[in-house]
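Here's the letter readout for the chains.
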2 protein chains.
Amino acid sequence: MPTDIEIARQATLIPITDVAKNAGVPDEALIPYGKYKAKVDTSHLPDRPAGKLILVTAINPTPAGEGKTTTSVGLSDALHRIGKKTMLCLREPSLGPCFGMKGGGAGGGKSQVMPMDEINLHFTGDFHAITSAHNLLAAMIDNQIYWGNPNDIDIRRVVWKRVLDMNDRALRQIVGPLGGVANGFPRESGFDITVASEIMAILCLASDLADLQKRLGDIIIGYNRKREPVYCRDIKADSAMTVLLKDAILPNLVQTLENNPAFLHGGPFANIAHGCNSVIATNTAMKMADYTVTEAGFGADLGAEKFMDIKCRLAGLKPDAIVIVATVRALKMNGGVAKNDLGTPNADAVRAGAVNLKRHIENLKKFGVTPTVAINHFHLDTDEEIAVIQEMAAEFGTDAVICKHWADGSAGAEELARIVAAKADAGAPEFNQLYPDDMSLADKIRTVGREIYRADEVHIAAPLVKQLEQWEQMGYGKFPVCMAKTQYSFTTDPGRLGAPTGHEVEVNEVRLSAGAGFVVAVCGGIMTMPGLPKVPSAENIYLDENGQIEGLF
Amino acid sequence: MPTDIEIARQATLIPITDVAKNAGVPDEALIPYGKYKAKVDTSHLPDRPAGKLILVTAINPTPAGEGKTTTSVGLSDALHRIGKKTMLCLREPSLGPCFGMKGGGAGGGKSQVMPMDEINLHFTGDFHAITSAHNLLAAMIDNQIYWGNPNDIDIRRVVWKRVLDMNDRALRQIVGPLGGVANGFPRESGFDITVASEIMAILCLASDLADLQKRLGDIIIGYNRKREPVYCRDIKADSAMTVLLKDAILPNLVQTLENNPAFLHGGPFANIAHGCNSVIATNTAMKMADYTVTEAGFGADLGAEKFMDIKCRLAGLKPDAIVIVATVRALKMNGGVAKNDLGTPNADAVRAGAVNLKRHIENLKKFGVTPTVAINHFHLDTDEEIAVIQEMAAEFGTDAVICKHWADGSAGAEELARIVAAKADAGAPEFNQLYPDDMSLADKIRTVGREIYRADEVHIAAPLVKQLEQWEQMGYGKFPVCMAKTQYSFTTDPGRLGAPTGHEVEVNEVRLSAGAGFVVAVCGGIMTMPGLPKVPSAENIYLDENGQIEGLF
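Residues numbered from 1 in each chain as written. Chains lettered and ligands numbered in written order. Predicted model: local features only at pLDDT ≥ 70, side-chain atom pairs only at ≥ 80, totals over all residues. Heavy atoms only, no water.

- An unreviewed UniProt entry annotates chain A as Formate--tetrahydrofolate ligase of Aurantiacibacter luteus.
- Per UniProt, the comment on chain A under Catalytic activity (unreviewed entry) is "(6S)-5,6,7,8-tetrahydrofolate + formate + ATP = (6R)-10-formyltetrahydrofolate + ADP + phosphate".
- The annotation that UniProt attaches to chain A under Pathway (unreviewed entry) is "One-carbon metabolism; tetrahydrofolate interconversion." (UniProt positions renumbered as here; feature names shortened; annotations may be inferred.)

Here it is as structure tokens:
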């Protein structure tokens, strides 16, 4: 079987100018970055009623893989195949992790977005721009402290760290500036990876440049000696940061292996942020196409919940249809089968593991949308195993469709496309968020914990409750909550697969993202600066004699 | 009088595809970045005999300004005007300093390269790529120490720091990683600004990707417990770093206000590095055009000396003609006039200050090239003042040409263009470097100090001499030396203008740039991470209601 990279190299890309033309992007709106990437200047797009929005989510991820991005690409290509004007919207990948574990890429098999190598390296520079804007604010904070500290910033309470798009554990916790008077006042600080920057979340939630600048200004960089918040706009950094981000805010156009258009734009962490591509890309896509296929990070308990409670709430969107991706192999793992035994047919294990899928479907129905199940097919799947999933979907009055886009491209996802298009056309009139804006922040956290994670209890220690109440008094009470929890389980224990019950959720920490517009509830250890493994994949990444990149995928 | 930015905004740019066509760049070699910037894939250029190389240098800079870049642009436009096929090669500016002092831009008046704002912001991402490659190596060093330290790196002797393209004094000296076992082994470290990275110097001296990777591998990242060097290739980072730099190595094409082509590529510090645009850009330009106009950083004592002793030596180049830029105002300052009195006619002060210009001319003749003086005209200059300069030039058998390109564009530099083209055609057959490869490193430093700075004595303390000898034993003896000294004076004291005598040069430190291929001799305090001023220009940089950037220039 050919590898993803072999398939990608056999692909014939068309010039991005042709991709744009096919997608209805006028010439004057296209800003090319090389021959196969472009930014789209959204101010030059014709006004058009918004099309339908289709969310692709998944069961809890396992090492067996569920193929959420692959299915998003396959579904989008299949919608094109059946004659539907469609746009695909995905997140752009982060550079740093490419040098850690072998990885990167967007999609797989015959359902990929191209050009893989450029997308995984510097792409159009969006993440570099975010890194610059983030670190400009950091430099201006220390500079203000250095030059007399007019905002009386408490150097023990600066919460704005620095960022790099690199897996570099040595930067997690540092002390500086050292070296005496000329360098400034020593304090504890550290670096996060760029995707964890609040600016990434802001860029992905901003409706336009003016909104971007307002949100940047709203960032709380720390507290003064009276414990009052100090904002980015007090540092006077928000306008220069906006200048640094003026191109990064424009969506990036690329193509699938079948030469259909795709926006890849923004990539916020799916734990301490909301894990969806930018609102601007989604809105632009919906104006350009009748169907927009988009994806949310992690499993439906995190990604889909945040998509609806954060992104849709803040941007006034709603999904017209939802696809939940599952694989026979991943359900078997949820049913207790070890990774090495996944090749053995085992319908009972699929049935046992399908409780995970079942609970996600129940959860999604709480938002008023019954999802369609996409069974991302693997060649060892048996009819009996697939029948188990289809039986279960029927219980919910929905479909579980076998999809072979990995092997066959759009032809393999035609049935899914027809069913989903029909459902999207019918719409999801009952759509509602899980909690209202005016519920207390603590109760919002408890609601997600009980309704989605099915915890018996959600513990929020008294000091954290007090902190949440203080933020409510400061005017942040209407914010949605952003849960930071392991992606591997409904619980906070990554080892508990399936549909666990009898568990409790402990909130360890709460953080205010005042610019992005949400409150983060951290449940369990969340790493915002990854490290490199013992043998980083960087050691095996190189240019071959033809100038092609090897080892990146 | 209109400001630079007003003139720039009135300019009519032509599409970069047209600029490329006019310059003879075939379609398949052009990689557009937006509508007005592109990279040129040098492998797709037709082979053609190399044209003539014209170096633009200057007297020692003063706050009055000498206009070296402006003159480079004006001369290139004027060569086009008189029908000469010409390419302009300049350095690309650094992002960080734009947020400190009001500044940025490339050229001025009617002699500018465009688009100013994009060039000064992220441009085509070259500096971001260098930042990524530099910090990948840093992360891999700490990662190797973390995972058992197979190269036995002495954590007290890691010389590879991290970089950001930001003026951030708080990062100059830090201690980390802190936080215990999971984060690594604490050590002292710090950040430089990206232009000070050895990778910047390497990118600008590499002949191609293979040479780039070899030089990256040659970088010394520190020393082991036996005090032996540990190389980048021991960390196995060189190939992944090359992948990160594969686009950054390609020259960037932009245009002047008169729509003539210009390469802006690379921007190494002119103190701890050699301060010239990339060898690849220069070589490519010389293959494309009959005349290539390029520039060296700082005054001729630093920039031109390094251009010839480092860049030309390592790349096998030689200048066919040299232009030295001077202004009446700057010579007056060299003659002792205060900045506020520069508007008063004072031919005697010009004569007194012209000793600075005279010494630079004498120095350049030591390389076998008699420079042409370009008098960058200011509207308050008097005929008498100008006559002083012309008289002095005549002493050396050369011309001092009045140039009004700032006010009039190419029309104002036609005479300069005719004279310089004729000199370049005649060539500089006597060209030679200041010292041979096989002179000892200490003697190379002494030679530059005596011959160029005219110091009576060059002090190199015994431990530094020993260090230089050790490097010679390690095989680095044939390297040229790169002097890091104030740009404002021939001496190491920035306050001593004119042509000082009776001074001594003290070498404070020597550094080995084993990948770039030179030894740095630091004379005086050299800052490799600038700070921001009390009121950073970032506070006044913003997007206006038309989306235009204000405050950047």
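Now that the structure has been shown, the text picks up again.
### Section: the overall build of chain A
- Along the backbone of chain A there are 18 helices and 26 strands.
- In terms of C-alpha radius of gyration, chain A reaches 23 Å, essentially the compact-globule figure of 24 Å for 553 residues.
- When the backbone C-alpha atoms are referred to their principal axes, chain A occupies close to 70 × 55 × 50 Å.
- Burial analysis of chain A (553 residues in total) assigns 63% to the buried set.
- Of the accessible surface of chain A, which amounts to about 18800 Å², a share of 49% is contributed by carbon and sulfur atoms.
- Of the charged side chains in chain A, 55 are positive and 66 negative; the average position of the first set lies 3 Å away from that of the second. (Helix = DSSP H or I, 4+ residues; strand = E, 2+ residues; numbered from the N terminus. Rg over C-alpha atoms; globule rule 2.2 N^0.38 Å. Buried < 20%, exposed > 50% of the residue type's maximum accessible area, 1.4 Å probe, protein only. Areas by Shrake-Rupley, 256 points an atom, 1.4 Å probe, with all protein chains shown as cover. Lys, Arg positive; Asp, Glu negative; His and termini not counted. Charge placed at Lys NZ, Arg CZ, Asp CG, Glu CD.)

### Quick notes on the sheet that holds strand β7 (residues 153–158) of chain B
Residue and element names in this part refer to chain B.
- Read across the open sheet, the three strands follow the order β7-β12-β13; overall the sheet is antiparallel. Strand pairing shows two members of the sheet lacking a second neighbour, β7 and β13 (229–231), which therefore form its edges. The mean inter-strand angle of the sheet, taken between neighbouring strand axes irrespective of direction, is 50°.
- Contacting β7 and β12 (220–224), helix α5 (residues 126–146) runs over the sheet at an angle of about 135° to β7. (Pairing = 2+ DSSP bridges. Axes fitted to C-alpha atoms, helices over the stretch in contact; angles between N-to-C directions. Contact = heavy atoms within 4.5 Å.)

### Looking at the domain arrangement of chain A
Residues and elements named next belong to chain A.
- What the domain assignment reports for chain A is domain 1 (4–124 + 248–426), domain 2 (126–229) and domain 3 (441–523).
- On the domain 3 side, the residues contacting the 26 residues of domain 1 number 26 residues.
- Buried surface at the junction of domain 1 and domain 3, both sides included, amounts to about 2200 Å², of which 60% is carbon and sulfur.
- Residue R454 is joined to E362 by a salt bridge in which the shortest nitrogen-to-oxygen separation is 3.1 Å.
- Applying the counting rule to domain 1 against domain 3 returns 11 residue pairs in polar contact (both at pLDDT 80 or more). (Domains from an automatic or database assignment. Buried area = accessible area lost by both parts, 1.4 Å probe. Salt bridge = Lys/Arg side-chain N within 4 Å of Asp/Glu carboxyl O. Polar contact = N/O pair within 3.5 Å; in protein donor to acceptor, adjacent residues only side chain to side chain.)

### Digging into the pairing of strand β24 (residues 518–522) of chain A
Residue and element names in this part refer to chain A.
- Extensive coverage of β24 is indicated by the burial of five of its five residues.
- Residues F518, V520 and V522 line one face of β24 and the alternating positions V519 and A521 line the opposite face, and both faces are buried.
- The pairing of strand β21 (residues 481–484) with β24 spans four bridges and is parallel. Looking at the pairing, M483 lines up with A521 of β24.
- Across five bridges, strand β23 (residues 509–513) lies against β24 in antiparallel orientation.

### Observations concerning the pattern of salt bridges
- Tallied over the entire structure, the rule returns 58 salt bridges over all chains.
- The partner of E550(A) in a salt bridge is R9(A), and the shortest N-O contact between them spans 3.1 Å. Pair noted here: E550(A) is in strand β26 (residues 549–550) and R9(A) is in helix α1 (residues 4–10), with a separation of 541 residues, a long-range link.
- Taking relative accessible area as the criterion, E550(A) reaches 23% and is therefore assigned partly exposed.
- The exposure class assigned to R9(A) is partly exposed, which follows from its relative accessible area of 34%.
- Counted as one network, the salt bridges with shared partners bring together D142(A), R162(A), R187(A) and D168(B).

### Digging into the relation of the copies chain B and chain A
- Screw-axis analysis of chain B against chain A gives a translation of 0.0 Å along the axis, an RMSD of 0.0 Å, and a rotation angle of 180°. With respect to symmetry, the two chain copies, as superposed, fit the operation of a two-fold axis. Taking C-alpha positions as the reference, the residue of chain B nearest the rotation axis is Y33(B), at 2.2 Å.
- When the interface residues of chain B are mapped onto chain A, 100% of them again lie at the interface, so the same face is used by both copies. (Least-squares fit on C-alpha atoms with pLDDT ≥ 70 in both.)

### Structural notes on the environment of L257(A)
Residue and element names in this part refer to chain A.
- With respect to the element layout, L257 can be found in the loop between β14 (252–256) and β15 (261–264).
- Relative accessible area serves as the criterion here: at 13%, L257 is assigned to the buried category.
- Each C-alpha atom, one on L257 and one on P530, is 31 Å from the other, the two residues being 273 residues apart in sequence.
- Excluding residues that lie within four positions of it along the chain, L257 makes contacts with I7, A8, A11, G109, K110, S111, Q112 and M114.

### Quick notes on the packing of aromatic side chains
- Under the counting rule described, the total for this entry stands at six aromatic pairs over all chains.
- Ring geometry for Y146(B) versus W147(B): centroids 5.2 Å apart, planes at 80°, classification edge-to-face.
- Given a relative accessible area of 24%, Y146(B) falls into the partly exposed group.
- Seen from the ring of Y146(B), R169(A) lies directly overhead, with NZ or CZ sitting 3.8 Å from the centre. (Phe/Tyr/Trp six-rings, centres within 6.5 Å; stacked < 30°, edge-to-face > 60°. Lys NZ or Arg CZ within 6 Å of the ring centre and 35° of its normal.)

### A look at the interface of chain B and chain A
- Each partner contributes to the interface: chain B provides 61 residues, whereas chain A provides 61 residues.
- The junction of chain B with chain A conceals about 5600 Å² of combined surface from both sides, 66% of it contributed by carbon and sulfur atoms.
- Counting across the chain B and chain A interface gives two salt bridges.
- A salt bridge links D168(A) to R162(B); the nearest nitrogen and oxygen atoms lie 2.8 Å apart.
- At the boundary of chain B with chain A, the tally comes to 25 residue pairs in polar contact (both at pLDDT 80 or more).
- For the side of chain B that touches chain A, the elements supplying multiple residues, two or more each, are β1 (30–32), α5, β8 (162–164), β9 (174–176), α9 (238–244) and β25 (542–543) of chain B.

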